[in-house]
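Geometric and topological summary
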Amino acid sequence: MMLALEPDPTKQDAVFRQLCTDCGISRTAQARRCAQACQFIKPDYDGLEVKVHGRRRGQSDPLSTPDPEASDQSLGDEAFFGPMQAMYRARLHQPREGAQWTGITTALAEALLEHGLIDAVITMQADPDDPWKPRPVIVTEAKALAQCRGMRMGYAPLLALIEPALALGLHRLAVIGIPCQVYALRALQDDWEKQGLHSLYVIGTPCSDNTHTARFHEFLALLDPQPETINYLEFRADYHVELRYTDGKKRLIPFLQLPLSNLPPDFFPVTCKSCVDYSNVLSDITVGYMGGSGDQWLIVRNAKGRFMLDQLQGKIDLASARQAGNRRSAVQAFMENLKKADGGLPLRRMPRWLRPIVAWFMPRIGPRGLEFARARIEMKAIETLITLRRHHPARVKTMVPRHVWEIAQNYGLRPQPRELDAPQNTAAHAKDFGIDAEPPPSIDLKRRSSISSEVDHP
Ligand SMILES: Cc1cc2nc3c(=O)[nH]c(=O)nc-3n(C[C@H](O)[C@H](O)[C@H](O)COP(=O)(O)OP(=O)(O)OC[C@H]3O[C@@H](n4cnc5c(N)ncnc54)[C@H](O)[C@@H]3O)c2cc1C
Ligand code: SF4
Ligand code: SF4
């Protein structure tokens, strides 16, 4: 069953925030909590990684037992993908109708409901007026989750439903969310526990290159003269976009042949160009595809994530994640291209005739599997720094976590002293980058609250 709430809390006015993906906090009675909850204000990934997973990325996990089926868990990959116990390629034996891939994400939540482990799932379904627009829902019956499968482009205030769910007596929750939603969820988890939250399972998907649903329709219109007939789109790990149509037809377009240069420079909002978490590091389990070599890609992060995956035993194939190729030159080229792009989309200077040839080679010789996923993480880190330095230089010091600098410095992007005064970027950490940091200023609460009341929906 899907609960319809009256009045609908997701329709409350959102308070304007300068960088915001409308996760729902600004629509709650305590909109000022954005200062504490927002990925775009002053995130503390190190602190929340410890709180959620018991340790920061890169520190060994004394509780985890190695799984011979999983990929080799060198702590090195945690620098890219965040804390984890295991990483897999995976697929459901029976792919679910309407799922974005095989439907592992909603199957995990279904299993929790079927086994009576939770009272409700908070996730998105398609808006009745626009199948591409996400709309938050509270779901209390496993079979109703079928309507939530699939990917929608855009943002919707998922977390505005947490307090109404608690008020309805639904104290054991699962939340399916993208990283900026999951950051806020974790940052306020203590508050919600005080309001009656007994248990929380967090199923995350990776996310990148999101934009407003209205803008996404502009993109669909460039891909096909009848955009309303497209009912599925995915940026696949083999460098193709897959489109599916209402009549069952499928079409693959190589990335290099996408009409990106026809999109306006602000097509992707600054939020998504400066997002610091691609792989949803604060979820219990991440379900994506980027490191999956054509299958789904699972990152089991902690004991709850393992427990959820165990519920699918007998229904899911798991195998080690693979990798091939070398990402270095692709990432370097991306960075050079982005620097020249002057704030818009990366320039595409390749002659038109050469594009199909390069498009043919890329899936065969380019970075693949986990190496492709690492490349995307590095590209995101570089894009975040270039975007913030260009559009919001004063925010670099508070918004950019340590792990982003660590990734980007491999490509020569190093912090300036004035860019290193977030709590996690202590003077000792500045020393890691070989520079003398200015002493961190004491936190000015007045300034903090003025930051929190700046608002900008992208
Ligand atoms: C905007 C966006 C960008 C993404 N980018 C990447 C990427 O770069 N790399 C990668 O590996 N994976 C990415 N993903 C995740 C990927 O598209 C699949 O959702 C994921 O692999 C799960 O597939 P599935 O078949 O298990 O999901 P399903 O079982 O079909 O379930 C999908 C779940 O996602 C929820 N959902 C759909 N749209 C949204 C939305 N806009 N906001 C919040 N929740 C939503 C649905 O409600 C549903 O619960 C992205 C997802 C989104 C929403
Ligand atoms: S400012 Fe941040 S925390 Fe507040 S609603 Fe927007 S995304 Fe959520
Ligand atoms: S790219 Fe980042 S900021 Fe944008 S919607 Fe996805 S998680 Fe949120």
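Use the structure listed above.
Residues numbered from 1 in each chain as written. Chains lettered and ligands numbered in written order. Predicted model: local features only at pLDDT ≥ 70, side-chain atom pairs only at ≥ 80, totals over all residues.

Although it is not a glycine, Tyr239 sits at a positive phi angle of roughly 65 degrees. Position of Tyr239 among the secondary structure elements: in the loop between β7 (230-235) and β8 (240-245). A positive phi angle, close to 65 degrees, is found at Asn280, a residue other than glycine. Structurally, Asn280 is set in the loop between α9 (270-273) and β10 (285-288). (Helix = DSSP H or I, 4+ residues; strand = E, 2+ residues; numbered from the N terminus.)

Around ligand 1, the structure places 32 residues, and the nearest of them are Trp101, Thr105, Thr106, Met124 and Gly288. Secondary structure elements with two or more residues in the shell around ligand 1: α4 (104-114), β3 (120-127), β5 (172-177), β10 and β11 (296-300). For the shell around ligand 1, a count of residues per class yields 16 nonpolar, 14 polar and two charged. (Near = placed C-beta within 6 Å. Nonpolar A, V, L, I, M, F, W, Y, C, P; charged D, E, K, R; others polar.)

We now examine the sheet that holds strand β4 (residues 130-139). Judged by pairing direction, the sheet is mixed, and its nine strands sit side by side in the order β1-β4-β3-β5-β6-β10-β11-β2-β12 without closing on themselves. Where the open sheet ends on each side, the last strands, each with one partner, are β1 (2-3) and β12 (316-320). For β1 and β4, the ladder comprises two bridges, and the chain directions are antiparallel. By the bridge assignment for β4, Leu3 is matched with Ile138. Packing of helix α10 (residues 303-310) onto the sheet brings it into contact with β6 (199-204), β10 and β11, and relative to β11 it is tilted by some 135 degrees. (Pairing = 2+ DSSP bridges. Contact = placed C-beta atoms within 7 Å. Axes fitted to C-alpha atoms, helices over the stretch in contact; angles between N-to-C directions.)

Taken together, Thr21, Tyr155, Ile178, Pro179, Cys180, Cys207, Ser208, Asn210, Thr271, Cys272 and Cys275 make up the full set of residues near ligand 3. Of all the secondary structure elements, the ones that give two or more residues to the shell around ligand 3 are α6 (179-187) and α9. Tallied by class, the residues present in the shell around ligand 3 amount to seven nonpolar, four polar and no charged.

Relative to the 18 Å expected for 13 residues at 1.5 Å per residue, helix α11 (residues 328-340) spans 19 Å between its end C-alpha atoms, a close match to the ideal helical length. Among all positions of α11, only Val331, Met335 and Leu338 are buried. Take α11 and look down its axis: the buried residues cluster within an arc of 70 degrees, on one side only. Looking at α11, the residues exposed on the side facing more than 90 degrees away from the buried face are Ser329, Ala333 and Lys340. Those residues of α11 hidden inside the fold are in contact with α13 (370-391). (Expected span 1.5 Å × (residues − 1). Buried ≥ 20, exposed ≤ 12 C-beta atoms within 10 Å, placed from the backbone. Arc of directions from axis to C-beta.)

An order of β7-β8-β9 is seen for the three strands of this open sheet, with the pairing classed as antiparallel. Where the open sheet ends on each side, the last strands, each with one partner, are β7 and β9 (250-254). For this sheet the average axis-to-axis angle between neighbouring strands, irrespective of direction, equals 20 degrees. Across five bridges, the pairing between β8 and β9 is antiparallel.

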